[in-house]
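Given next are the chains, with one letter for each unit.
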Amino acid sequence: MGKELWKGNEAIAEAAIRAGCDCFFGYPITPQSEVPEYMSVHLPQHGGVFVQSESEIAAINMVYGAGGAGMRAMTSSSSPGISLKQEGITYLAGAEVPAVIVNCMRGGPGLGTIQPSQADYYQATRGGGNGDYRTVVLAPSNVQETVDFVQEAFDIADQYRNPVMVVCDGLIGQMMEPIEWRPVPKRDLPPKTWAANGTKNHTGRNIINSLFIAPEDCDDHNVHLAKKYAEIERSEVRWEERDCDDADIVITAYGTPARIALTALEALRAEGIKVGLFRPITLWPFPEKALHDLAGQSHVKAFLDVELSSTGQMLDDVRLAVEGRKPISYLGHAGGAMPTVEEMAACAREALKEAQ
Amino acid sequence: MCAAAFCTHRLTLVTGHYGTGKTEFAVNLALALAAEGQAVTLADLDIVNPYFRSRERRPELQQAGVRLISSSQACSDADVPALPAELLGVFQDRSRRGVLDIGGDPVGARVLARFRPQLLNEDYQLLYVLNANRPEVRTMESAISYLRGIETVTGLTCSGIVNNTHLCGETTAADVRKGAALAEAVSAATGIGIVCHTARQDLAPLLSDLPETVFPIQIYMKKPWE
């Protein structure tokens, strides 16, 4: 089968269907509305259930119910809609219900803009809801990775009984790119013996709940979750390094800025400037050790973090990993403005000059 | 190649399934007509998709002498399906050629329905852009289904097929030929002629054996890293 031309959002929906998504619950919002639109036509044709809910809050709670019954359940939205879903996500995490949540990020705060953004990094990686919890966060930087990651997200969610987020900026959702459908790595998934789907195959009751009245029970539950998160940190962290082996300056970026960085990298290398790209693929778990080790290399003089965010959010994780051993510059735009190749190259030159 | 030779009507309505490359074709067509000395207005009437719009190419278009009219110009990054009154000038001013870049699918083409009375009095052609690499229009049946859907919501008749089959930067001559075969099948089944095949300028010389015009295009609708 040759390559096909897909729009990011419709590819997200098709990938979910191919991964065996049973139920999709969502509400339209630009720039991700093609996800529910495609699902509404195609998911029922594959025997699945599509519901356009009355709100984002309803959608995430429908995911909670369907996921709790053992279904492969999914929702998608864009930044303000994902904010509305945060309560549901902490319940999913607390009750250990697998689910896939796609955030096609747009500018904020508040209603912001419908143009691309990455300003939901904190929300995705720190847990936008209450309590100590983590969601696995996959950050594709092209449409091919997006379809691969959406398919894998269902397996990761089922393996760890944990919500998994796929975050892309609006550009990835809206753009057309050639992709091919390829199998995702096979995981040995445990049977869902915990699912609250009746007593047909077992006696006793399965209860989906995130409430623990006794403090000791809640403490035990949190210890159990923390152990699970530590295991995910060990097993699921992913990143990509490009030309970092001899780099004087390393750009850290994910998603669309990482694509722009690759073009800047070519231009700078052509000038003789040794620049590399460190691209986190999982935002949580963040590739902290890999970046820590890279910062320890004597050839690396400085870092330049680039995000679609005015203040910088991943920048905090970059700083934690670099531990002050090398200077870190920042380039960010918010509200849909994109850093240009020339701007990124100029910032990298400047950062290197300052470090030297 | 002369754009005026295959684009023989005063107004050209560019429709198709979304993601087939309507905007790239519309921008190239407007610039080609302008380069041939025609007074051209390009109207960006996409009320569906707020990204990758012909209005993003305003500087290049203005420099080439193409007048650009875009939906919701006062608030160009909002997804408000508002159309400017200026648009009526495209229908009324018969001294200018008009290229109308319409949103994807029947839902995007609906914007044309309100202008049907004006259009019927004008010399126009409704073109249907095909891309055989788009999964939802890659078979003759599905391509015709979208075409008929667009005709139904607009109340207009399609009179030409544009084979714009591409795979972004990975496009080869084989992709264009695959699209030519699909366009031929759609044409044979519907009786609607093939207006042209588009091909990036470097690929066009490899396709001179195709029976219809090959329209060499430049890529204007670039991504931020291109």
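Note that the coordinates shown come from a computational prediction; the quantities given were computed from them, not determined experimentally.

Cut-off values and rules
- Residues numbered from 1 in each chain as written.
- Chains lettered and ligands numbered in written order.
- Predicted model: local features only at pLDDT ≥ 70, side-chain atom pairs only at ≥ 80, totals over all residues.
- Heavy atoms only, no water.
- Core = buried A, V, L, I, M, F, W, Y, C linked by side-chain atoms within 4.5 Å.
- Buried < 20%, exposed > 50% of the residue type's maximum accessible area, 1.4 Å probe, protein only.
- Helix = DSSP H or I, 4+ residues; strand = E, 2+ residues; numbered from the N terminus.
- Domains from an automatic or database assignment.
- Contact = heavy atoms within 4.5 Å.
- Buried area = accessible area lost by both parts, 1.4 Å probe.
- Salt bridge = Lys/Arg side-chain N within 4 Å of Asp/Glu carboxyl O.
- Polar contact = N/O pair within 3.5 Å; in protein donor to acceptor, adjacent residues only side chain to side chain.
- Pairing = 2+ DSSP bridges.
- Right-handed = clockwise from strand over helix to strand, strands pointing away.
- Axes fitted to C-alpha atoms, helices over the stretch in contact; angles between N-to-C directions.
- Parallel < 35°, antiparallel > 145°, perpendicular 65-115°, else oblique.
- Left-handed = near helix turned anticlockwise from the far one by under 90°.
- Nonpolar A, V, L, I, M, F, W, Y, C, P; charged D, E, K, R; others polar.

A. Quick peek at the nonpolar core. Ranked by size, the top nonpolar core spans 110 residues in total, and within it A:Met39, A:Met74, A:Ile251 and A:Leu291 carry the most contacts. In terms of residue count, helix α7 (residues 143-160) of chain A provides more of this core than any other element does, nine residues in total. Here this core spans two domains, and each of domain 1 (4-182 + 209-235) and domain 2 (241-355) of chain A adds at least three residues to it. With residues up to four places along the chain from it excluded, the contact list for A:Met39 reads A:Ala13, A:Ala16, A:Ile17, A:Cys21, A:Phe24, A:Pro44, A:Phe50 and A:Met74. Ranked by size, the runner-up nonpolar core spans 35 residues in total, among them B:Ala109, B:Leu147, B:Ile150 and B:Leu182.

B. Representation of the interface of chain B and chain A. Taken together, the contact pairs 22 residues of chain B with 28 residues of chain A. Together, the buried faces of chain B and chain A total about 2,300 Å²; carbon and sulfur atoms form 60% of this surface. Per-residue buried area on chain B facing chain A is highest for B:Tyr18, B:Tyr51 and B:Trp225; these three make up 33% of the total on that side. Joining chain B to chain A, the criterion identifies three salt bridges. B:Glu170 serves as the salt-bridge partner of A:Lys3, at 2.9 Å between the closest nitrogen and oxygen. Inspection of the region where chain B meets chain A yields nine residue pairs in polar contact (both at pLDDT 80 or more).

C. Layout of the pairing of strand β7 (residues 194-200) of chain B. Residues and elements named next belong to chain B. β7 sits mainly inside the fold: six of its seven residues count as buried. Sheet topology places strand β6 (residues 158-163) next to β7; three bridges connect them, and they run parallel. Residue pairing for β7: Ile161 is matched across the bridge by Ile194. Traced from β6 through helix α8 (residues 173-190) to β7, the parallel crossover comes out right-handed. Here β7 pairs with strand β8 (residues 214-217) via four bridges, running parallel. Counterpart to Arg200 in the pairing with β8 is Ile217.

D. Representation of the environment of A:Val35 in the model. Residues and elements named next belong to chain A. Within the secondary structure, Val35 is located in helix α2 (residues 34-42). For Val35, a relative accessible area of 1% translates into the label buried. It is 41 Å that separates the C-alpha atoms of Val35 and Asp246, two residues lying 211 residues apart in sequence. When residues no more than four places from it in sequence are discounted, the contact partners of Val35 are Asn9, Ile12, Ala13, Phe24 and Ser76.

E. Expanded view of unusual backbone geometry. Cis geometry is found at the peptide bond from A:Thr30 to A:Pro31, where omega equals 5 degrees. When you line up the elements, A:Pro31 lands in the loop between β2 (23-26) and α2. A:Trp284 connects to A:Pro285 through a cis peptide bond whose omega is 0 degrees. With respect to the helices and strands, A:Pro285 occurs in the loop between β12 (282-284) and α11 (288-295). A positive phi angle is found at A:Glu96, which is not glycine, with a value near 55 degrees. Looking at the secondary structure, you find A:Glu96 in the loop between α5 (86-95) and β5 (99-105). Residue A:Glu96 is classed as buried on the basis of its relative accessible area, which comes to 10%. The phi angle at B:Cys168 is positive, at roughly 50 degrees, despite the residue not being glycine. Inspection of the secondary structure puts B:Cys168 in the loop between β6 and α8.

F. Expanded view of the sheet that holds strand β2 (residues 40-45) of chain B. All names here are of chain B. Across the sheet, eight strands lie side by side as β3-β2-β4-β1-β5-β6-β7-β8; this open sheet has parallel pairing. The open sheet terminates on both sides in strands that have one partner only, identified here as β3 (67-70) and β8. Each adjacent strand pair in this sheet contributes to an overall mean axis angle of 25 degrees, direction not counted. On the sheet, helix α7 (residues 140-154) packs against β1 (11-16), β5 (124-130) and β6 and is oriented at approximately 150 degrees with respect to β5.

G. Inspection of the environment of B:Ala34 at higher detail. Residues and elements named next belong to chain B. Take Ala34: it is sitting in helix α2 (residues 22-35). As for Ala34 and Val66, which are separated by 32 residues in sequence, their C-alpha atoms are 6.5 Å apart. If near-sequence neighbours (up to four positions away) are discounted, Ala34 is found in contact with Val40, Ala64 and Val66.

H. Structural context of the side chain of A:Thr113. Residue and element names in this part refer to chain A. Following the sequence through the fold, Thr113 ends up in the loop between β5 and α6 (121-126). A distance of 3.0 Å separates a polar side-chain atom of Thr113 from the backbone nitrogen of Gln115. The contacts of Thr113, once residues within four sequence positions are left out, are Arg106, Gly107, Gly335 and Gly336.

I. Expanded view of the domain arrangement of chain A. Residues and elements named next belong to chain A. With domains assigned, chain A is organised as domain 1 (4-182 + 209-235) and domain 2 (241-355). Computed over C-alpha atoms only, the centres of domain 1 and domain 2 are separated by 27 Å. The partner domain 2 presents 25 residues to the 33 residues of domain 1 that form the contact. For the pairing of domain 1 and domain 2, the buried interface totals around 2,400 Å² over both sides, and the portion due to carbon and sulfur atoms is 54%. Of all residues in domain 1, Gln118, Tyr121 and Tyr122 bury the most surface against domain 2, accounting for 31% of the area lost on that side.

J. Broad picture of the packing of helix α1 (residues 8-18) of chain A against α7(A). Residues and elements named next belong to chain A. Viewed as axis vectors pointing N to C, α1 and α7 meet at an angle of 30 degrees, and their least axial separation amounts to 8 Å. Between α1 and α7, the interaxial angle falls into the category roughly parallel. Judged by the sense of rotation from one axis to the other, the crossing of α1 with α7 is right-handed. From α1, Gly8, Ala11, Ile12, Ala15, Ala16 and Arg18 reach across to α7, where they touch Val143, Thr146, Val147, Val150, Gln151 and Phe154. Taken together, the residues of the contact of α1 with α7 break down into eight nonpolar, three polar and one charged.

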